[in-house]
Structures are given as C-alpha cells and as structure tokens.
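Examination of the molecular architecture
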Amino acid sequence: MGLNVQFTTKENVLLVRLSGELDHHASEQLKKEWQLAIKEHGVKHVILNLEDLSFMDSSGLGVFLGRYKEIMQLGGEMVVCSISPAVKRLFDMSGLFKIIRLEESEEYALLRLGVA
C-alpha cells in the first residue's frame, strides 16, 4: 500500500498527516521529508495525525522520536492526534506517550498549542 504524507503549516505548527503503512522502507524517506519541512517552514511545534495510518513498525517509532528531539531543541512540543487503535498500542508499548501528548483531534491539538 505504501505511505502517503501530507505536510501543512498553521502559524508556527507543522501538521503531519500520515496514511497507509509506515515500515522500514518508508521511514528513511519520511525522516528526510519531515526534517526538510521543519527547516523550510520555520516551525516550532508538530501535530502528528495518525488517523489513517493502518500499519507501523518500530522504525516509524524511531522517526517520531528523532523529530520529537529536534522539536524539543527548538523549544517546541509534539502532539499526536486521531490515532488508530493498532498504532496506539505501539505507542503505549514503547512508552512514547510518556513524552508525547495525545489529543483526540487536530482541533484539540491546535488549541493545546495555542493555535486555533
């Protein structure tokens, strides 16, 4: 199926919408595109919408953790929203929800970051 990626900015927030499957084949390309989007748009925060992400392996968690660290160095925050049950289980098992906030929707995530 592959991975589809959409980057959108709203003020200083980068919205990252992923759909399809995020495996080790797609992870490296996503990492490069995401790093470029952060630099090009001068964002401070990231909202990661995983509503349509049907599969993810541990390499995807690595990409998320790496971008989380980059955003933290900028003094920002990463928020995950609209997560599918299968992907949520991976986040739970990995402990990522201890450092990355989960919100119900993009709207709530934007409110959380002060961008409405």
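Report follows, based on the coordinates. Computed from a predicted structure; not experimentally measured. (Residues numbered from 1 in each chain as written. Predicted model: local features only at pLDDT ≥ 70, side-chain atom pairs only at ≥ 80, totals over all residues. Heavy atoms only, no water.)

With that settled, the discussion passes to the sheet that holds strand β4 (residues 78-81). Remark on secondary structure: sheet strands pair via backbone hydrogen bonds, oriented parallel or antiparallel. A sheet is described by the order of its strands in space; here five strands give the open sequence β1-β2-β3-β4-β5, paired in mixed fashion. One side of each edge strand has no neighbouring strand; the edge strands of this open sheet are β1 (3-10) and β5 (101-103). On average, each strand axis in the sheet is inclined to that of its neighbour by 25 degrees, with strand direction left out of account. The sheet contacts of helix α1 (residues 24-41) involve β1, β2 (13-22), β3 (45-56) and β4, and relative to β2 the element is tilted by about 170 degrees. (Pairing = 2+ DSSP bridges. Helix = DSSP H or I, 4+ residues; strand = E, 2+ residues; numbered from the N terminus. Axes fitted to C-alpha atoms, helices over the stretch in contact; angles between N-to-C directions. Contact = heavy atoms within 4.5 Å.)

Another point: the side chain of Arg 67. Inspection of the secondary structure assignment puts Arg 67 in helix α2 (residues 58-73). A polar atom in the side chain of Arg 67 sits 3.1 Å from the side chain of Glu 70. Setting aside anything within four residues of it in sequence, one finds Arg 67 in contact with Lys 31, Trp 34, Gln 35 and Met 78. (Polar contact = N/O pair within 3.5 Å; in protein donor to acceptor, adjacent residues only side chain to side chain.)

Residues of β4 alternate between two faces, with Met 78 and Val 80 on one and Val 79 and Cys 81 on the opposite face, all of them buried. Bridging between β3 and β4 involves four bridges; their strand directions are parallel. Residue pairing across strands places Ile 47 opposite Val 79, the latter belonging to β4. (Buried < 20%, exposed > 50% of the residue type's maximum accessible area, 1.4 Å probe, protein only.)

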